[in-house]
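Structural characterization, general
Listed below are the residues making up each chain.
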Amino acid sequence: MTTKPRVFIPFLLVLSILLVSATLALSTTEDPERQIERCKQECRESRQGEQQERQCVRQCEEQEEKRQQGEETGKEGRKGEDPEKRLEECRRECREQAEGREQRECEKRCEEECKEHRGENKEEEKREEEKGEKRRGSDPFFFDEESFLHQVRTEHGHVRVLRNFLERSKLLLGVANYRVAILEANPNTFVLPSHWDAEALLFVARGNGLITRQCQDNKETQELRRGHIIRVRAGTIVSFVNKDRNEKLVIVMLFQTVATPGMLEAFVGAGGRNPESFYRSFSKPVLRAAFNTGVDKLERLFGRQKKGAMIEASQEQIRELSRRAGSEGLPRPFGESRRPFNLLDKRPSHSNRHGELREADGDDYPELRDLNIQVSHASINKGSMMSPNYNTEATTISIVVGGNGQVQIVRPRVSGQQEEGRGREEEEGRGREEEEGRGQQEGKEEEEQRQRGQRYQRVESEVSRGTTYIVPAGHPSVAVSSRNERLEVLCFEINAMNNRRTWLAGSNNILKQMDRMTKELAFDQPAREVDEVLNAPREEVFMAGPQERERESEGGEGRDGPLESILEFAGF
């Protein structure tokens, strides 16, 4: 009789371990807290002895500790992981381990975890943006790649959207209704159809592909290649194909929002779970009635796609998509005027050994007249620069599409309070009296600077591929290419009607048109000496940059006193 307990106790211990393992294995889809409680409850109801019950409960707690440690390790490992990819893996595990209601609850937890992970990514992006803001200080006009947010990110490409301009500064109120985005699709990639709640003007910066636009009763597929400009009207369903086997397709997109000012959204109908189709947000009875189809078929239709918004397409599929693109003799439902216009095929409006400028307006592409936008492309050769200039009416949104260099913008000197995008009253920890006192002090400093003649300040930044910068109407600016790479800048000129570009240096310098007496009164110099400076450059629009000019003038005579004073006065 004395040996029975010694045999029975190990047997119960093994039984309790098996019980814990089975309970946890069958409950992997449950909420973790409910799972551990169920495990302990099973231990208590198993009619074991007190010692075995304690061991069973301890096993439950140890399993929970291991699970938590695994989650922490997983979180660390997933910091750089694509949340959409992780969501799909989580859903797959749910399908493999559970059915029915438990599967749905498991998938719901996957979605919540994905949202939390996205939130962490957004917080990290926000911190990076704040770092960028701190680095730039009082510069509201330049936006580097850190200022973009990923709207779509897959292994086959991505779509990055620039933050709302008004978030940076209320000095950009004039373009607050516009957004900039960049689409990059890898070779042999299909971008799923969607529509935007905004007017879109696209420029193909690199590669070649296809665009399909679809409105009610109308559909057209057209070829895209580098230099093409094309409009996509708000609400038009649009899809893209990169049909090249080697080169990326890069499209710069300018949006003019029409639903909510400054807010941009893409709506995917022909999708599933990833990208999520907006059809899934309607109630099942409504979908069943609208499509006159059973729930099971609807679930398959709007639940199968899980590969993402950009997917790989076979050469056979691409050939089929290309079949009707640009076919001669076929009717064009969108009209001849809405065919893509190639800016880079147009003859340059200005060209010399230092660079080329191409410009497109409503006469070239009638859609631009309707949008009140002009598009230009400046190609500035190594070591050269585009002459200082300003636009009379248009504010320019510029995107560097190639090379690197430097851009300088002259702006009025303003107080920090005038410049901030959100009023200081929103800042925490500051009383109204302190706010008013600071505003009065800044106003006094600004007035003193103006009295001393310090009315302007230079804002400058190194720029490279992907940099976006804004030049408000009337603000003089200059772009200088580096000595090792040609600088290419795409410009969208907003409010283009009646706009004139005004050149401030070179053989077409507007100051040369002043009469003799005006020159003497304005510069406080004899007109002859003023003309000696204004007539010195032989080129117009494009000319040698600072370093190239220094090399050209090496060995020559230096500037004399009057000339130096004129140049200093003019800001050269």
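Residues numbered from 1 in each chain as written. Predicted model: local features only at pLDDT ≥ 70, side-chain atom pairs only at ≥ 80, totals over all residues. Heavy atoms only, no water.

Comments concerning the overall build of the chain
Let me state the cut-off plainly: Numbering of helices and strands starts at the N terminus; helices are DSSP runs of H or I of at least 4 residues and strands are runs of E of at least 2. Relative accessibility thresholds used throughout: buried, under 20% of the residue-type maximum; exposed, over 50%; partly exposed, between the two (1.4 Å probe, protein chains only). Any two residues whose heavy atoms approach within 4.5 Å at even a single point are treated as in contact. Exposure was quantified through the Shrake-Rupley algorithm and a 1.4 Å probe, taking into account, for residues, occlusion by the shown protein chains and nothing else.
Of the regular secondary structure elements, the chain holds 16 helices and 26 strands. Looking at the chain as a whole, 43% of its 572 residues qualify as buried. Partitioning the contacts of the chain with sequence separation of at least 6, the portion at a separation of at least 24 is 76%. Taken as a whole, the chain presents about 32,300 Å² of accessible surface, with 46% of it coming from carbon and sulfur.

Focus on unusual backbone geometry
A cis amide bond links Asn274 to the next residue, Pro275, at an omega of 0°. Assignment of secondary structure puts Pro275 in the loop between strand E12 (266-267) and helix H7 (284-291). The backbone of Asn498 sits at a positive phi, close to 70°, despite the residue not being glycine. As for its position among the elements, Asn498 is in the loop between strand E24 (487-494) and strand E25 (501-503). With phi around 55°, Asp524 is a residue other than glycine that occupies positive phi space. With respect to the helices and strands, Asp524 occurs in the loop between helix H13 (516-523) and helix H14 (527-534). Under the relative-accessibility criterion, Asp524 is labelled exposed at 67%.

Describing the environment of Asn186
Applied cut-off: Pairing of N or O atoms within 3.5 Å defines a polar contact, subject to two protein rules: one partner must be a possible hydrogen donor and the other a possible acceptor, and residues neighboring in sequence count only if both atoms are side-chain atoms.
Within the fold, Asn186 resides in the loop between strand E4 (178-185) and strand E5 (189-196). Between the C-alpha atoms of Asn186 and Leu249, which are 63 residues apart in sequence, the distance is 6.5 Å. At 3.1 Å, the side chain of Asn186 forms a polar contact with the backbone oxygen of Glu155.

A look at the pairing of strand E19 (residues 395-402)
Note the threshold: In short, DSSP must find at least two bridges between two strands for them to pair.
Burial of E19 is extensive: eight of the eight residues sit out of reach of the surface. In the sheet, E19 pairs with E24 via seven bridges, with the strands oriented antiparallel. Directly across from Ile399, in E24, lies its bridge partner Leu490. In the sheet, E19 pairs with strand E22 (residues 468-471) via four bridges, with the strands oriented antiparallel. Bridging across to E22, Ile399 finds its partner in Thr468.

With respect to the side chain of Arg213
Looking at the element boundaries, Arg213 is found in strand E7 (residues 208-215). Engagement of the side chain of Arg213 in a polar contact is seen with the side chain of Gln222, the distance being 2.9 Å.

Let's talk about the sheet that holds strand E16 (residues 355-360)
Spatial strand order, E1-E22-E19-E24-E17-E16-E15: seven strands in an open sheet with antiparallel pairing. Here the strands that pair on one side only, and so sit at the sheet edges, are strand E1 (142-143) and strand E15 (350-352). In terms of strand pairing, E16 meets strand E17 (residues 373-380) through six bridges, oriented antiparallel. Residue Glu356 lies in a different strand from E17, and its bridge partner there is Ser379.

Side note on the packing of H13 against H14
How two helices sit against one another is set out by the angle between their axes and by the gap between those axes. Going by this rule: For helices, the fitted line uses only the C-alpha atoms of the stretch in contact; every axis is such a line through C-alpha atoms, and the angle between N-to-C directions lies from 0 to 180 degrees. Note on terminology: angles under 35 degrees are roughly parallel, angles over 145 are roughly antiparallel, angles of 65 to 115 are roughly perpendicular, and the others are oblique. Residue type decides the class: Asp, Glu, Lys and Arg count as charged, Ala, Val, Leu, Ile, Met, Phe, Trp, Tyr, Cys and Pro as nonpolar, and the leftover types, Gly among them, as polar.
Running from N to C, H13 and H14 cross one another at 90°; their axes reach a closest spacing of 9 Å. Relative to H14, H13 is oriented roughly perpendicular. Along the contact surface, H13 presents Arg516, Lys519, Glu520 and Phe523, while H14 presents Ala527, Val530, Asp531 and Leu534. Counted by class, the contact of H13 with H14 contains four nonpolar, no polar and four charged residues.

Considering the sheet that holds strand E14 (residues 341-342)
The strands making up a sheet associate through hydrogen bonds between their backbones, and the pairing can be parallel or antiparallel. An order of E2-E3-E4-E11-E6-E9-E14 is seen for the seven strands of this open sheet, with the pairing classed as antiparallel. The outermost strands of the open sheet, each flanked by one partner alone, are strand E2 (148-154) and E14. Sheet analysis places E2 next to strand E3 (residues 157-162), joined by six bridges and oriented antiparallel. Opposite Phe148, over in E3, you have Leu162 as the bridge partner.

Thoughts on the confidence of the model for the chain
Inclusion rule: pLDDT expresses how confident the predictor is about each individual residue, on a scale running from 0 to 100.
The predicted model of the chain has a mean per-residue pLDDT of 81, with 73% of residues at 70 or higher. Note that residues 133-137 has pLDDT below 50 and, in this model, seven contacts with residues that lie over four places away or in other chains. Between residues 557-563, whose pLDDT stays under 50, and residues either more than four places distant or in other chains, the model counts seven contacts.

Overview of H13
The residue sitting at the N-terminus of H13 and contributing the capping side-chain oxygen is Asp515; that oxygen lies 3.3 Å from the backbone nitrogen of Met517. One or two residues past the end of H13 sits Asp524, with phi positive at roughly 55°.

What to know about the pattern of salt bridges
Cut-off, in case you're wondering: Put simply, a salt bridge is a Lys or Arg side-chain nitrogen that is within 4 Å of an Asp or Glu carboxyl oxygen.
Counted according to the given criterion, the structure contains 26 salt bridges. Its salt-bridge partner being Glu299, residue Arg280 comes within 3.5 Å of it at the nearest N-O pair. Taken together, the residues Arg280 in the loop between E12 and H7 and Glu299 in helix H8 (residues 295-301) connect sequence positions 19 residues apart. The exposure class assigned to Arg280 is partly exposed, which follows from its relative accessible area of 30%.

Describing the nonpolar core
Applied cut-off: As used here, the term nonpolar core means buried Ala, Val, Leu, Ile, Met, Phe, Trp, Tyr and Cys residues forming a set that is joined through side-chain atoms within 4.5 Å.
Phe165, Phe240, Ile397 and Phe492 are the most contacted members of the largest nonpolar core, which has 76 residues in total. In contact with Phe240, other than residues within four places in its own chain, are Leu183, Thr189, Phe190, Val191, Trp196, Leu202, Leu210, Ile211, Leu224 and Ile251. Of all hydrophobic cores here, the second largest spans eight residues; its members include Val241, Ile311, Ile318 and Ala325.

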